[in-house]
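Listed below, chain by chain, are the residues.
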Amino acid sequence: TQALEKGDARANYYLGRIAEESKDYTAAKAYYEQCIASETEMTSDLSRFALGQLYQRGDGVEVDYAKAKQYYEQAIANECVEANNGLGDLYQHGYEVEQDGAKAIEYFTLASQGNEKDWVAYAHLSAGVIYAGKYPNVTQDYAKAMENYEKAAALDNANALNRIGVMYADGI
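Residues numbered from 1 in each chain as written. Predicted model: local features only at pLDDT ≥ 70, side-chain atom pairs only at ≥ 80, totals over all residues. Heavy atoms only, no water.

Student: Give me the lowdown on the overall build of the protein chain, citing residues and values where you can.
Tutor: What the protein chain contains, in helices and strands, is ten helices and zero strands. Each helix and strand of the protein chain, placed in order from N terminus to C terminus, yields the pattern α-α-α-α-α-α-α-α-α-α. Once the C-alpha set of the protein chain is aligned to its principal axes, its extents read approximately 60 × 30 × 25 Å. Across the 172 residues of the protein chain, 47% fall into the buried class. When the accessible surface of the protein chain is summed, it comes to about 8,900 Å², and 46% of that surface belongs to carbon and sulfur atoms. (Helix = DSSP H or I, 4+ residues; strand = E, 2+ residues; numbered from the N terminus. Buried < 20%, exposed > 50% of the residue type's maximum accessible area, 1.4 Å probe, protein only. Areas by Shrake-Rupley, 256 points an atom, 1.4 Å probe, with all protein chains shown as cover.)

Student: Can you tell me about the packing of helix α7 (residues 101-111) against helix α8 (residues 117-132), naming the residues and giving the values?
Tutor: The relative placement of two packed helices comes down to the angle between their axes together with the axis-to-axis distance. Following both chains from N to C, one finds α7 and α8 inclined at 160 degrees, their axes separated by 8 Å at the closest point. When the axis of α7 is compared with that of α8, the two are roughly antiparallel. Taken as a pair, α7 and α8 cross one another with a handedness that is left-handed. Judged by residue contacts, Gly101, Ala104, Ile105, Phe108 and Ala111 of α7 engage Val120, Tyr122, Ala123, Ser126, Ala127, Ile130 and Tyr131 from α8. (Axes fitted to C-alpha atoms, helices over the stretch in contact; angles between N-to-C directions. Parallel < 35°, antiparallel > 145°, perpendicular 65-115°, else oblique. Left-handed = near helix turned anticlockwise from the far one by under 90°. Contact = heavy atoms within 4.5 Å.)

Student: Can you lay out the side chain of glutamate 20 for me, pointing to particular residues and giving the numbers?
Tutor: Structurally, the position occupied by glutamate 20 is in helix α2 (residues 11-21). On the basis of relative accessible area, glutamate 20 is assigned to the buried category, the value being 9%. Each residue touching glutamate 20, except ones within four places of it in the same chain, is listed here: Tyr25, Ala28, Tyr32, Ala50, Leu54 and Arg57.

Student: Quick one: what's the story with the confidence of the model for the protein chain, residue by residue and with numbers?
Tutor: Scored by pLDDT, the protein chain comes out at a mean of 92, with 93% of its residues at no less than 70. Of all the helices and strands in the protein chain, helix α1 (residues 2-5) carries the lowest mean pLDDT, 54, while helix α9 (residues 142-154) carries the highest, 98. (pLDDT = per-residue confidence, 0-100.)

Student: Give a detailed account of helix α3 (residues 25-38), specifying residues and quantitative values.
Tutor: With 14 residues, α3 should reach 20 Å at 1.5 Å per residue; the first-to-last C-alpha distance of 20 Å fits that figure. Along α3, the residues that are buried comprise Tyr25, Ala27, Ala28, Tyr32, Cys35 and Ile36. In the stretch just after α3, glutamate 39 is the one whose phi turns positive, near 50 degrees. (Expected span 1.5 Å × (residues − 1).)

Student: Would you mind going over the pattern of salt bridges in detail, with residue names and values included?
Tutor: Considering all chains together, one arrives at eight salt bridges under this definition. With a closest N to O distance of 3.2 Å, glutamate 20 and arginine 17 form a salt bridge. In this pair, glutamate 20 and arginine 17 both sit in helix α2, three residues apart, roughly one turn of the helix. Across the pair aspartate 156 and lysine 117 runs a salt bridge whose closest N-O atoms are separated by 2.9 Å. With aspartate 156 in the loop between α9 and α10 (158-169) and lysine 117 in helix α8, this residue pair connects regions lying 39 residues apart in the sequence. Each member of the salt-bridge network shares a partner with another, and the members are Arg17, Glu20, Arg57 and Asp59. (Salt bridge = Lys/Arg side-chain N within 4 Å of Asp/Glu carboxyl O.)

Structure follows, in structure tokens:
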């Protein structure tokens, strides 16, 4: 809060993250909205991404995939690469859009070019899940699934390691 008192509006984003980690979603939403209102560099775009996630998951708000999509698109328009994961999720699961594995992979591929290790790993993991599963507009491809799982595992993603183990155990 000292940063806020000194006029650093970016603090709203970080306070939102802290509130979200503490499961105080009402406070997180308020901090993110304040950050967006301040139009402070990248943190306002990260706040849009974070708000999209709150609406997608229904954390402290009613699930609203249309709002989630809107926030993700706004963040992406302002070069928040991580927000491509959000749109990828919507297309992977068919939330507010027609389910489309190929389109989801496009967004996850864009997200994998980001700098945030956990979100890059998530993008690779998600693409792997699509290649290993049966999704519209994607041919099942275990080699591509494994390739993506390995990239996610190299970034310390435990879920990817588990999926690699399952593929080996299943003889795939």
